[in-house]
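# A structural walkthrough
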Amino acid sequence: VQLVESGGGLVQAGGSLRLSCAASGRTFSNGYMGWFRQAPGKEREFVAAITWSGGSTYYADFVKGRFTISRDNAKNMVYLQMNSLKPEDTAVYYCAAQFSALRRGIRDYRSYDYWGQGTQSTVSS
């Protein structure tokens, strides 16, 4: 399984970015896709997740109402639309995938076996 993120960049506070994750290497008919982020000196934290089959979505409290996760099953793509960005959203954003049971729940990065290389998103004040 390969995951490749894109779409990061530099934006001013209040602006928007759309991250994309291209998945390949297997049939993506079930399982979970997540977005996590890691800022310098901080632990990797959950941002949002979605199920491939039913499209159920999950969000961290700090992004509710600002970020939207979505998927395109036909293209094997997962997106993270980020609006009303704040300087504290600055981080490397990672796409992750898991196709078996989540060992520690959908919000725990240790549940995911496959990771992309990350894409930097910087929000200036």
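Details of the structure are given in the entry above.
Basis of the calculations
- In every chain, residue numbers begin from 1 and rise along the written sequence.
- In keeping with the predicted nature of the model, local features appear solely for residues at pLDDT of at least 70, side-chain atom pairs appear and are counted solely at 80 or more, and the whole-chain, interface and lining totals rest on all residues.
- Only hydrogens and water are set aside; all other atoms, that is, all heavy atoms of the structure, feed into the side-chain values.
- A helix here means a DSSP run of H or I that spans at least four residues, while a strand means a run of E at least two residues long, and both kinds are numbered starting from the N terminus.
- Working definition: with a 1.4 Å probe on protein chains only, accessible area under 20% of the residue-type maximum means buried, over 50% means exposed, and in between means partly exposed.
- In what follows, a contact means two residues having at least one pair of non-hydrogen atoms within 4.5 Å.
- The rule for pairing is simple: two strands pair if DSSP sees at least two bridges between them.
- Whenever a helix is involved, its axis is fitted only over the stretch in contact; in every case the axis is a line through C-alpha atoms, and angles between N-to-C directions fall within 0 to 180 degrees.
- The term salt bridge refers to a pairing of a side-chain nitrogen on Lys or Arg with a carboxyl oxygen on Asp or Glu at a separation within 4 Å.
- Two N or O atoms count as a polar contact when they lie within 3.5 Å, although within protein this holds only if one can serve as hydrogen donor and the other as acceptor, and sequence-adjacent residues are included solely when both atoms are side-chain atoms.

Quick look at the overall build of the protein chain now. Within the protein chain, the secondary structure is distributed over zero helices and eleven strands. Each principal axis of the C-alpha distribution contributes one length, and for the protein chain these read about 40 × 30 × 25 Å. Within the protein chain, the proportion of its 125 residues that are buried is 44%. Put simply, 55% of the contacts in the protein chain that link residues at least 6 apart link residues at least 24 apart.

It is worth spelling out the sheet that holds strand β1 (residues 2-6) at this point. Strand order in the open sheet formed by four strands is β1-β3-β8-β7, and the pairing between neighbours is antiparallel. The sheet is open, and its two edges are formed by β1 and β7 (67-72), each paired on a single side. Across the sheet, the axes of successive neighbouring strands diverge by a mean angle of 15°, strand direction being ignored. Examined bridge by bridge, β1 and strand β3 (residues 17-24) share five bridges and lie antiparallel to one another. The partner of Gln 2 across the bridge, within β3, is Ser 24.

A separate point is the pattern of salt bridges. Within this structure, the stated rule accounts for six salt bridges. Taking the shortest distance from any N to any O, the salt bridge between Arg 110 and Asp 108 comes out at 2.7 Å. Arg 110 gets classed as partly exposed once you look at its relative accessible area, which sits at 42%. Overlapping salt bridges bring together Arg 37, Glu 45, Arg 66 and Asp 89 as one network.

Once that is clear, we can look at the environment of Arg 44. Relative to the assigned elements, Arg 44 resides in the loop between β4 (32-38) and β5 (45-51). Along the sequence, Arg 44 and Tyr 109 sit 65 residues apart, while their C-alpha atoms lie 7.3 Å from each other. Among the polar contacts made by the side chain of Arg 44, one reaches the side chain of Gln 38 at a distance of 3.3 Å.

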